[in-house]
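# Fold and contact review
One-letter residues, chain by chain:
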Amino acid sequence: MGTLALNNPPVIGASSTHKERVAYYEGQFSKVQASFGAKSHYTAHAFFQLQGAIMGKSIKGIADYAKSQADDLHKETLMAVDEAQP
């Protein structure tokens, strides 16, 4: 497995443009998916970061959105596993 790209500090600043943020998070998503695969929770988090960037959120907004969405997905997954158990 590769190094978790999500732990690296962002190379974009608060003054970055929408286009720069989308390109940055798109690159991060590709790196994470290549390192951890499509089923990884790291990949889900990177996906939500990219979606936040596409929606035009600020860097903090992207982080908050990704955490919230990834947490919701985790909860939903746990509920589905509980329901599937006899």
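Residues numbered from 1 in each chain as written. Predicted model: local features only at pLDDT ≥ 70, side-chain atom pairs only at ≥ 80, totals over all residues. Heavy atoms only, no water.

This paragraph deals with the nonpolar core. In this structure, Ile-12, Val-22, Tyr-24, Tyr-25, Phe-29, Val-32, Phe-36, Ala-46, Leu-50, Ala-53 and Ile-62 together form the largest nonpolar core, which totals 11 residues. Broken down by secondary-structure element, the contributors of at least two residues to this core are α1 (18-36) and α2 (41-54). Residue contributions to this core peak at 6 residues, all from α1. Once residues within four sequence positions are removed from consideration, Ile-62 is found in contact with Arg-21, Tyr-25, Gln-49, Gly-52, Ala-53 and Lys-57. (Core = buried A, V, L, I, M, F, W, Y, C linked by side-chain atoms within 4.5 Å. Buried < 20%, exposed > 50% of the residue type's maximum accessible area, 1.4 Å probe, protein only. Helix = DSSP H or I, 4+ residues; strand = E, 2+ residues; numbered from the N terminus. Contact = heavy atoms within 4.5 Å.)

In total, this model carries 2 salt bridges according to the counting rule given. A salt bridge links Lys-60 to Asp-64, with the nearest nitrogen and oxygen atoms 2.8 Å apart. Within this pair, Lys-60 and its partner Asp-64 are both found in helix α3 (residues 59-84), separated by 4 residues, close to a single helical turn. Taking relative accessible area as the criterion, Lys-60 reaches 57% and is therefore assigned exposed. Note on Asp-64: relative accessible area 41%, which makes it partly exposed. In this structure, Lys-67 engages Asp-71 in a salt bridge whose closest nitrogen and oxygen atoms are separated by 2.8 Å. Note that Lys-67 and Asp-71 are positioned in helix α3 at a spacing of 4 residues, about one turn of the helix. On the basis of relative accessible area, Lys-67 is assigned to the partly exposed category, the value being 49%. We classify Asp-71 as partly exposed; its relative accessible area is 32%. (Salt bridge = Lys/Arg side-chain N within 4 Å of Asp/Glu carboxyl O.)

Of the residues in the protein chain, 87% have a pLDDT of 70 or more, and the chain-wide mean is 88. Below pLDDT 50 for its whole length, residues 1-5 participates in 11 contacts with residues either more than four positions away or in separate chains. (pLDDT = per-residue confidence, 0-100.)

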